[in-house]
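# Residue-level structure breakdown
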Amino acid sequence: MTHGAVEMLALAGALGVDPDRFFEVIEGGPLDMGYLRAKTDLVRQGRLSPASFAVETAEKDARLIVAAGEDHGVRLDVLAAGAQRFRRAAAQGHGDEDMAASYHASFVP
């Protein structure tokens, strides 16, 4: 959910679309979740520190879960991609920030 939320912000910005329109469209529906709004608000307000759950910790956990799946014959492709996204954000200097800082992995440095 975090990656989808911040990718929406990144794409909206790149396209010149106001992200508030997205929230208007989903308002009251099943995608209108407090978590979605909370994580996007962190990015929009530049409040990624202190982290409630840091990028580096999220990457570690995602990597371990992917490995556990592989050890038991289960491919977790979406989670593996998410772990790579967290690694990119950490490599860009956002490892200690909230996991919503994976927003920064949306852009080519």
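Before any of the text, the structure's been laid out above.
Read on for an overview of the structure. (Residues numbered from 1 in each chain as written. Predicted model: local features only at pLDDT ≥ 70, side-chain atom pairs only at ≥ 80, totals over all residues. Heavy atoms only, no water.)

Right, let's get into the overall build of the protein. Scanning the protein from terminus to terminus reveals five helices and zero strands. The helix and strand sequence of the protein, counted from the amino end, reads α-α-α-α-α. Taken over C-alpha atoms, the radius of gyration comes to 15 Å for the protein, in line with the 13 Å a tight globule of 109 residues would show. In terms of overall dimensions, the protein has a C-alpha envelope of 40 × 30 × 25 Å along the principal axes. In the protein, which comprises 109 residues, the share counted as buried stands at 36%. Pairs at least 24 residues apart make up 64% of the contacts formed inside the protein by residues separated by at least 6 positions. Looking at the protein as shown, the accessible area adds up to about 6500 Å², and 58% of this sits on carbon and sulfur atoms. Of the charged side chains in the protein, 11 are positive and 16 negative; the average position of the first set lies 2 Å away from that of the second. (Helix = DSSP H or I, 4+ residues; strand = E, 2+ residues; numbered from the N terminus. Rg over C-alpha atoms; globule rule 2.2 N^0.38 Å. Buried < 20%, exposed > 50% of the residue type's maximum accessible area, 1.4 Å probe, protein only. Contact = heavy atoms within 4.5 Å. Areas by Shrake-Rupley, 256 points an atom, 1.4 Å probe, with all protein chains shown as cover. Lys, Arg positive; Asp, Glu negative; His and termini not counted. Charge placed at Lys NZ, Arg CZ, Asp CG, Glu CD.)

Core analysis: the largest hydrophobic core is formed by 20 residues, its most contacted members being Val43, Leu48 and Tyr103. The set of elements that each furnish at least two residues to this core consists of helix H1 (2-15), helix H2 (19-26), helix H3 (34-44), helix H4 (55-71) and helix H5 (77-94). By residue number, the principal contributor to this core is H1, which donates five residues. Once you skip the residues sitting within four places of it in the chain, Tyr103 turns out to touch Val6, Leu9, Ala10, Val43 and Arg85. (Core = buried A, V, L, I, M, F, W, Y, C linked by side-chain atoms within 4.5 Å.)

The geometry of H1 relative to H5 is characterised by a closest axis approach of 11 Å and an angle of 60° between their N-to-C directions. One finds that H1 runs oblique with respect to H5. As for how H1 packs across H5, the hand of that crossing is left-handed. For the pair H1 and H5, the contacting residues are His3, Val6 and Glu7 in the first and Gly82, Arg85 and Phe86 in the second. (Axes fitted to C-alpha atoms, helices over the stretch in contact; angles between N-to-C directions. Parallel < 35°, antiparallel > 145°, perpendicular 65-115°, else oblique. Left-handed = near helix turned anticlockwise from the far one by under 90°.)

Tracing the backbone through its elements, the reader meets Leu31 in the loop between H2 and H3. Among the residues examined, Leu31 registers a relative accessible area of 47% and is labelled partly exposed. Along the sequence, Leu31 and Phe86 sit 55 residues apart, while their C-alpha atoms lie 23 Å from each other. Setting aside chain neighbours within four positions, we find Leu31 in contact with Ile26 and Leu36.

For the rest of this paragraph, the subject is the layout of surface pockets. Approximately 160 Å³ is the volume attributed to the largest pocket. Around the largest pocket sit Met1, Thr2, His3, Gly4, Tyr35, Ala58, Ala62, Leu79, Gly82, Ala83, Phe86 and Met99, which together line it. Considering each element in turn, the lining of the largest pocket owes the most residues, four residues, to H5. A per-class count over the lining of the largest pocket returns eight nonpolar, four polar and no charged. (1 Å grid on protein atoms, 1.4 Å probe; cavity = no way out; pocket = protein on both sides within 12 Å on 5 of 7 lines; lining within 4 Å. Points joined across faces, edges and corners; volume = space filled by probe spheres on them. Nonpolar A, V, L, I, M, F, W, Y, C, P; charged D, E, K, R; others polar.)

Our next topic: the pattern of salt bridges. Here the idea is simple: oppositely charged side chains can pair when their charged atoms come close. What the rule picks out here adds up to nine salt bridges. Put simply, Asp98 and Lys39 hold a salt bridge, and the shortest N to O gap is 2.9 Å. Of the two residues, Asp98 is situated in the segment after H5 and Lys39 in helix H3; the sequence distance between them amounts to 59 residues. Classification of Lys39 by relative accessible area gives buried; the value is 6%. Of the charged contacts, one joins Asp61 and Lys60 as a salt bridge, the two residues approaching to 2.6 Å between their closest N and O atoms. Residue classification places Asp61 among the partly exposed positions, given a relative accessible area of 27%. The exposure class of Lys60 is partly exposed, given its relative accessible area of 35%. When salt bridges that share partners are traced, they join Glu59, Arg63 and Arg87 into one network. (Salt bridge = Lys/Arg side-chain N within 4 Å of Asp/Glu carboxyl O.)

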